[in-house]
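Structural overview for review
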Amino acid sequence: MDFLELVRQARSCRRFVESSPLGSADIRWLLECARLAPSARNAQQLRFISISHGPICDKLFPLTRWAGALKDWNGPKPGERPTAFIAVLMPEKGGDLLCYDVGIACQTIQLAATSRGWGACMIQSFERQGATELLNVPAGLKIALLLGLGVALETRVIDDVPANASTAYWRDAQQIHHVPKLDLQELLVAEF
């Protein structure tokens, strides 16, 4: 697949085929992709917790919040929930560059998941204390992001930004998830 098409398809996925769970080998493959991603100064300070389908996954799900822009949607219903999570950990007293490492690792995981027909959603809105306790996060580390993962159930498409200039994502009557993106000409400040 062309890389631009892979990026186009790698939208946040919020509904999954719960009856087809990802296994621990699938999650380890995603983590291998993240392990090889660039890291500031090659310090490799991120750590990960893999949560495959099962009781911990089921307990973690209610601690997460999904799709803040969809005010009338409370998140994936039973049968559509993620079948795995990855907790991306960073040192509590890490430097500014760690945020870049988190973004690079998470984007790598999302692109890798998309390349296999899986979906990924980066989750920054979750009950931190509850998740930290549930996952027994080691002292000195904190959860930077959670990634909800599974076989993608929903269709996600990119649209042009509408006349009202709203970049808010939305769902149509067929539950297709629309993500408006600005035109490159609006983003390009200069060309030399």
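These figures come from a predicted structure and were not determined experimentally.

**Concerning the overall build of the chain**
Scanning the chain from terminus to terminus reveals six helices and seven strands. Helices (α) and strands (β) of the chain occur, in sequence order from the N terminus, as α-α-β-α-β-α-β-α-β-β-β-β-α. A principal-axis box enclosing the C-alpha atoms of the chain has dimensions of 50 × 45 × 30 Å. A separation of at least 24 residues holds for 76% of the contacts in the chain among residues at least 6 apart in sequence. Distance between charge centres in the chain, computed from 20 positive and 20 negative side chains, equals 7 Å.

**A short note on the pairing of strand E3 (residues 118-123)**
Within E3, five of the six residues are buried, which leaves the element mostly enclosed by the surrounding structure. Inspection of the sheet shows E3 paired to strand E4 (residues 141-151) by six bridges, in the antiparallel sense. From the neighbouring strand, Gly119 faces E4, where its bridge partner is Gly150.

**Remarks on the sheet that holds strand E5 (residues 156-160)**
Strand order in the open sheet made by the three strands is E5-E7-E6, with mixed pairing throughout. Looking along the sheet, the strands with just one partner apiece sit at the ends: E5 and strand E6 (170-171).

**Considering the sheet that holds strand E2 (residues 84-91)**
Two modes of strand pairing occur in sheets, parallel and antiparallel, and in both the strands are linked by backbone hydrogen bonds. Across the sheet, which stays open at both edges, the four strands sit in the order E1-E2-E4-E3 with antiparallel pairing between neighbours. In this open sheet, the two strands that pair with only one neighbour each are strand E1 (47-52) and E3. Pairwise comparison of adjacent strand axes, ignoring direction, gives a mean angle of 20 degrees for this sheet. Docked against the sheet, helix H2 (residues 24-35) engages E1, E2, E3 and E4, running at close to 160 degrees with respect to E1. Together, E1, E2, E3 and E4 form the strand contacts of helix H4 (residues 97-115), whose direction differs from that of E3 by roughly 160 degrees.

**Quick notes on the environment of Val161**
Relative to the helices and strands, Val161 is located in the loop between E5 and E6. Not counting residues up to four positions away in its chain, the partners in contact with Val161 are Ser166, Thr167, Pro180, Lys181 and Leu182.

**A word on the packing of aromatic side chains**
Scanning the entire structure with this criterion turns up three aromatic pairs. Here Phe61 and Trp66 contribute two aromatic rings whose centre-to-centre distance is 6.1 Å and whose plane-to-plane angle is 35 degrees, an arrangement assigned as tilted. Trp66 matches Phe61 in its accessibility class, with the two residues each being buried. Through a chain of ring-to-ring contacts, the aromatic side chains of Phe16, Phe61 and Trp66 assemble into a single cluster. Taking NZ or CZ as reference, Arg116 lies 3.5 Å from the ring centre of Trp29, over its face. A cation over an aromatic ring shows up here: Arg171 above the ring of Trp73, its NZ or CZ 4.3 Å from the ring centre.

Conventions used here
Counting starts from 1 at the beginning of each chain's written sequence and moves along it residue by residue. A pLDDT threshold of at least 70 governs which residues receive local features in this predicted model, and a stricter bar of 80 or more applies before side-chain atom pairs are shown or counted, although totals over entire chains, interfaces and linings include all residues. Note that water and hydrogens are dropped before the side-chain values are worked out from all heavy atoms of the structure. A run of H or I in DSSP becomes a helix once it reaches four residues, and a run of E becomes a strand once it reaches two; helices and strands are each numbered from the N terminus. Pairs of residues are marked as contacts when any of their non-hydrogen atoms sit within 4.5 Å. Charge assignment in this entry is limited to Lys and Arg as positive and Asp and Glu as negative, and neither His nor the chain termini are counted. Charge placement uses NZ in Lys and CZ in Arg. For Asp and Glu, CG and CD serve respectively. Burial classes: relative accessible area under 20% of the type maximum marks a residue as buried, over 50% as exposed, and values in between as partly exposed (1.4 Å probe, protein chains only). Paired strands are those between which DSSP finds at least two bridges. A fitted line through C-alpha atoms represents every axis, and for helices the fit uses only the stretch in contact; the resulting angles, taken between N-to-C directions, go from 0 to 180 degrees. Note on aromatic pairs: the rings of Phe, Tyr and Trp (six-membered ring only in Trp) are paired at centre separations within 6.5 Å, and the planes decide the class, stacked below 30 degrees, edge-to-face beyond 60, tilted for the rest. We count a charge as sitting over a ring when the NZ of a lysine or the CZ of an arginine lies within 6 Å of the ring centre and within 35 degrees of the ring normal.

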